[in-house]
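# Observations on the three-dimensional arrangement
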Amino acid sequence: DWEYFKFVFRSSLISKVTAFDHLVVTHIIYAETLAMAVTENLGPDNELRMFLNPHILGTLKVNMGASNNLFPSNSLVHRASPFDEEAYMAPDGRSNGILWGKTVALRFTRFQEAYRTYRQFFEELRSEGVQMPELPFFEDGVQIHREIQRYVESAIAGIYGSGDQRCSAALLDDHEAQRFLRQFWRLSDPSTPDFWPSEFR
């Protein structure tokens, strides 16, 4: 039973966290899409590009390495997982296998929502007398999240002005930024059309 449990834990970790949360969501959906949209649509003097550029530096190089070392069948993710060949490669040898095909089910989750769920569970256990340790991923993460949010909001206000109406009007006047936004959605939609919530548009 213990060997089986370890196998299930490792399998879940490699498929959910490494393959989906890290490789697909972080590297491909977030970073790759942002890096391509920025570099292809925002000129070197565009303030939005100046703000975003430090956060995408090296992304395409890192992702090229990931695509060669992690994605293919018989590479790192495949060899560390319990899944057979068809999980990574379809029988025709050219299209994605069953595991990669599940990327269409991915959905964006706001960190605040994940944190709220964690805190509710934490408090519920505490009320039942169960002492669960606080998890640094959430407790430190919520502080980091708030600082990043302040940083982004102040940068955007500095570029486009503060206040919703003023900021939106200035953003609409920035033709490069509009082209960047259209390209971002165009790049991220085909593989995971329902990944982003509609209000983000």
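We now turn to the structure provided with this report. (Residues numbered from 1 in each chain as written. Predicted model: local features only at pLDDT ≥ 70, side-chain atom pairs only at ≥ 80, totals over all residues. Heavy atoms only, no water.)

With that settled, consider the layout of surface pockets. Size it by volume and the second largest pocket reaches roughly 290 Å³. Lining of the second largest pocket is provided by 17 residues; of these, I28, F71, N96, T103 and S191 occupy positions nearest its centre. Every element with two or more residues in the lining of the second largest pocket is listed here: α1 (2-41) and α9 (175-188). Its residues assigned to classes, the lining of the second largest pocket comprises ten nonpolar, seven polar and no charged. (1 Å grid on protein atoms, 1.4 Å probe; cavity = no way out; pocket = protein on both sides within 12 Å on 5 of 7 lines; lining within 4 Å. Points joined across faces, edges and corners; volume = space filled by probe spheres on them. Helix = DSSP H or I, 4+ residues; strand = E, 2+ residues; numbered from the N terminus. Nonpolar A, V, L, I, M, F, W, Y, C, P; charged D, E, K, R; others polar.)

Attention now moves to empty space enclosed by the protein. Summed over all chains, the structure comprises one cavity of 30 Å³ or more. When its volume is computed, the largest cavity comes out at roughly 30 Å³. Forming the walls of the largest cavity are F122, L125, R126, V130, Q131 and M132. Considered class by class, the residues forming the lining of the largest cavity number four nonpolar, one polar and one charged.

On to the packing of aromatic side chains. Counted by the stated rule, this structure contains 20 aromatic pairs. Relative to F138, the ring of Y118 lies with its centre 4.4 Å away and its plane at 10 degrees, an arrangement referred to as stacked. Here the residue Y118 occupies a position in helix α6 (residues 111-127), and F138 occupies one in helix α7 (residues 136-160), the gap between them amounting to 20 residues. There is no split in this pair, since Y118 and F138 are both buried. On the basis of an interplanar angle of 55 degrees and a centroid distance of 5.7 Å, the ring pair of F184 and W196 is categorised as tilted. Of this pair, F184 sits in helix α9 while W196 sits in the segment after α9; the two residues are twelve residues apart in sequence, bridging distant segments of the chain. Aromatic rings pair up to connect Y30, F108, F184, W185, F195, W196 and F200 into one cluster. (Phe/Tyr/Trp six-rings, centres within 6.5 Å; stacked < 30°, edge-to-face > 60°. Buried < 20%, exposed > 50% of the residue type's maximum accessible area, 1.4 Å probe, protein only.)

The next point concerns the pattern of salt bridges. All chains considered together, the criterion is met by ten salt bridges. The residue D21 makes a salt bridge to K16 at a minimum N-O spacing of 2.7 Å. A residue is classified by how much of its surface remains accessible, and D21, at 31% relative accessible area, is partly exposed. For K16, a relative accessible area of 45% puts it in the partly exposed group. One continuous salt-bridge network, built from bridges that share partners, spans R119, E123, R126, E134 and E139. (Salt bridge = Lys/Arg side-chain N within 4 Å of Asp/Glu carboxyl O.)

With respect to the helices and strands, P197 occurs in the segment after α9. Taking the C-alpha atoms as reference points, P197 and D84, separated by 113 residues in sequence, lie 33 Å from one another. Each residue touching P197, except ones within four places of it in the same chain, is listed here: F108 and R110. (Contact = heavy atoms within 4.5 Å.)

Glancing now at a nonpolar patch on the surface. A contiguous nonpolar patch, built from W2, F5, F9, L13 and V17 and spanning about 550 Å² of accessible area, is present on the exposed surface. As for its position among the elements, V17 is in helix α1. (Patch = residues over 30% accessible without salt bridge, like charges linked within 9 Å, V, L, I, M, F, W, Y side chains within 5 Å. Areas by Shrake-Rupley, 256 points an atom, 1.4 Å probe, with all protein chains shown as cover.)

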